[in-house]
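The chain contents come next:
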Amino acid sequence: MKVKALLVSFAACSAVLFSVCPLNAQIKQPDRQVALTIDDLPAGMADRLPAAEITAMTTKLLGTLRDQKIPAVGFVNEKKLYKPGEVDERIRALQMWLDSGFELGNHTFSHASLNQVGLKAWEDDVIQGESVTRLLLAQHKMKLRYFRHPYLDTGRDLLTRREAEAFLVERGYRIAPITLDGWDWMFAGVYEDAASRNDSAMQQHLVKDYLSHHDAAFAWAEDLSRKILGYEPKQILLLHASRLEADHIGELLDLLRKRGYRFIKLEDALGDPAYSLPDTFIGEEGSGWLEHWAISLGKIPQEGPAMPQWVIDRTKELHLSTGQVTAAPAPY
């Protein structure tokens, strides 16, 4: 009888315990927040696409973002506007961003690398890249306030970096860092080729790997954030204007939601204390800001997830650039 009574008592206690803390209860996830930024407007492969396709791509991309109420800033390379007979329509693609309630930033005129062209030529490229964008923003009573470094190249030496930063501040810019990056530009080039050939099997294969790779890249960044900072800051995601994103950004947004993210404005993300940390990163090739902070703090960042090898191989087979008007040595 005593054994039976004990069993009944244990069962009653267990029922109370599990009603408070069920077996399937999960540890509370951090309050993950992310701002979307999209580079290489009006289109990453603008040299290969007619204006009509750029318009269609922009319409579809902005439609998804607008319908889901996702804030975003698009960064412009104005050189991509100047294709004979298409200038007006390409400018209208930028106008669509503003008409849809989004913001535009400067990504230089020709996507010039500070590390490659030097400070003076880079400054000239920044100024040249303002002409149309400032006018379009002014029509919406907005100011040009964000700048994104091409290739994320911020300077080979600290003096050049600080002089470049001072130049940007003087012109009223806030640098837009990045902390999340799945190298969507490389997937986008292969996807564009497959779409142009109506190769639906390759498109499906690529989208599956694109989502899987981004999921791994986000997990890596979250882990690195905790190791470097002790918490996950408000993240800033780098994407590129492409047919791939126009067709499938909704799936990427769902992936982010499953990881617990909510979507915020870039200005809100930049209010996170992490973006005010000392940053002395310099290098031949650009890098994300998680790596900046790790190196500045004397830590060695771990390698991120590798790109699918078949995507790299296919990119080489197609002799694709990184999605800019001119081929470039770095992946951003």
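Before any of the text, the structure's been laid out above.
Figured I'd write up the structure that's included with this text. As the structure is a prediction and not an experimental result, all values here were calculated from the model.

### Points about the overall build of the chain
- Secondary structure summary: the chain contains 13 helices and eight strands in total.
- Scored against the burial criterion, the 332 residues of the chain give a buried share of 53%.
- Long-range contacts, defined as pairs at least 24 residues apart, comprise 83% of the intrachain contacts of the chain with a sequence gap of at least 6.
- In the structure as shown, the chain presents an accessible area of about 15,700 Å², 57% of it carried by carbon and sulfur atoms.

### Describing the pairing of strand E3 (residues 103–106)
- Going residue by residue along E3, you find Glu103 and Gly105 tucked away on one face and Leu104 and Asn106 tucked away on the opposite face as well.
- Two strands pair when backbone bridges link them, and strand E2 (residues 72–76) and E3 are joined in this way by four bridges, in the parallel orientation. Counted as the bridge partner of Val76 is Asn106 from E3.

### Quick word on the nonpolar core
- With 89 residues, the main nonpolar core has Leu36, Leu65, Leu237 and Leu266 as its most contacted residues.
- For this core, the element with the highest residue contribution is helix H9 (residues 200–229), accounting for 11 residues.
- Those residues in contact with Leu237 that lie beyond four places of it in its chain are Val34, Ala35, Leu36, Thr37, Leu180, Asp181, Phe218, Leu252 and Leu256.

### A look at the side chain of His111
- Along the chain, the position of His111 falls in the loop between E3 and helix H4 (114–117).
- Looking at His111, the relative accessible area reads 3%, which means it is buried.
- Side chain to side chain, His111 and His107 meet in a polar contact 3.1 Å long.
- For His111, the side chain forms a polar contact with the side chain of Tyr151, separated by 3.4 Å.

### Notes on empty space enclosed by the protein
- Evaluation of the coordinates by the stated rule reveals two cavities of 30 Å³ or more.
- Here the second largest cavity is characterised by a volume of approximately 40 Å³.
- Forming the walls of the second largest cavity are Gly44, Met45, Leu49, Met57, Ala188, Glu192, Ala241, Ser242 and Arg243.
- Along the lines of polarity and charge, the residues of the lining of the second largest cavity split into five nonpolar, two polar and two charged.

### Structural notes on helix H13 (residues 309–317)
- Those residues of H13 not exposed but buried are Val311, Arg314 and Thr315. The buried residues of H13 all sit within an arc of 105 degrees when viewed along its axis, so they share a single face. Turned more than 90 degrees away from the buried face of H13, the exposed residues are Lys316 and Glu317.
- At the C-terminal side of H13, His319 shows a positive phi close to 55 degrees.

### Quick word on the packing of aromatic side chains
- With the rule as written, the count across this model stands at eight aromatic pairs.
- Considering the side-chain rings of Trp97 and Phe102, the 6.0 Å spacing of their centres and the 70 degrees angle between planes classify their relative orientation as edge-to-face.
- Relative accessible area serves as the criterion here: at 2%, Trp97 is assigned to the buried category.
- When the ring of Tyr275 is compared with that of Trp293, the centres are 5.4 Å apart and the planes differ by 65 degrees; the resulting orientation is edge-to-face. In this pair, Tyr275 sits in the loop between helix H11 (266–269) and helix H12 (289–296) while Trp293 sits in helix H12, placing the two residues 18 residues apart along the sequence.
- The class of Tyr275 is buried, set by a relative accessible area of 12%.
- Under the relative-accessibility criterion, Trp293 is labelled buried at 2%.

### Some remarks on the pattern of salt bridges
- The final tally for this structure, using the stated rule, is 27 salt bridges.
- Here Arg259 ties to Asp215 by a salt bridge, and the two come within 2.8 Å at their closest N and O atoms. A residue pair is termed long-range when its members are at least 10 positions apart, and Arg259 in the loop between helix H10 (243–258) and strand E8 (261–263) and Asp215 in helix H9 qualify at 44 residues.
- Residue class for Asp215 comes out partly exposed when judged on its relative accessible area of 30%.
- We note a salt bridge from Arg226 to Glu232, for which the minimum N-O separation is 2.5 Å.

Rules and cut-offs
Residues numbered from 1 in each chain as written. Predicted model: local features only at pLDDT ≥ 70, side-chain atom pairs only at ≥ 80, totals over all residues. Heavy atoms only, no water. Helix = DSSP H or I, 4+ residues; strand = E, 2+ residues; numbered from the N terminus. Buried < 20%, exposed > 50% of the residue type's maximum accessible area, 1.4 Å probe, protein only. Contact = heavy atoms within 4.5 Å. Areas by Shrake-Rupley, 256 points an atom, 1.4 Å probe, with all protein chains shown as cover. Pairing = 2+ DSSP bridges. Core = buried A, V, L, I, M, F, W, Y, C linked by side-chain atoms within 4.5 Å. Polar contact = N/O pair within 3.5 Å; in protein donor to acceptor, adjacent residues only side chain to side chain. 1 Å grid on protein atoms, 1.4 Å probe; cavity = no way out; pocket = protein on both sides within 12 Å on 5 of 7 lines; lining within 4 Å. Points joined across faces, edges and corners; volume = space filled by probe spheres on them. Nonpolar A, V, L, I, M, F, W, Y, C, P; charged D, E, K, R; others polar. Arc of directions from axis to C-beta. Phe/Tyr/Trp six-rings, centres within 6.5 Å; stacked < 30°, edge-to-face > 60°. Salt bridge = Lys/Arg side-chain N within 4 Å of Asp/Glu carboxyl O.

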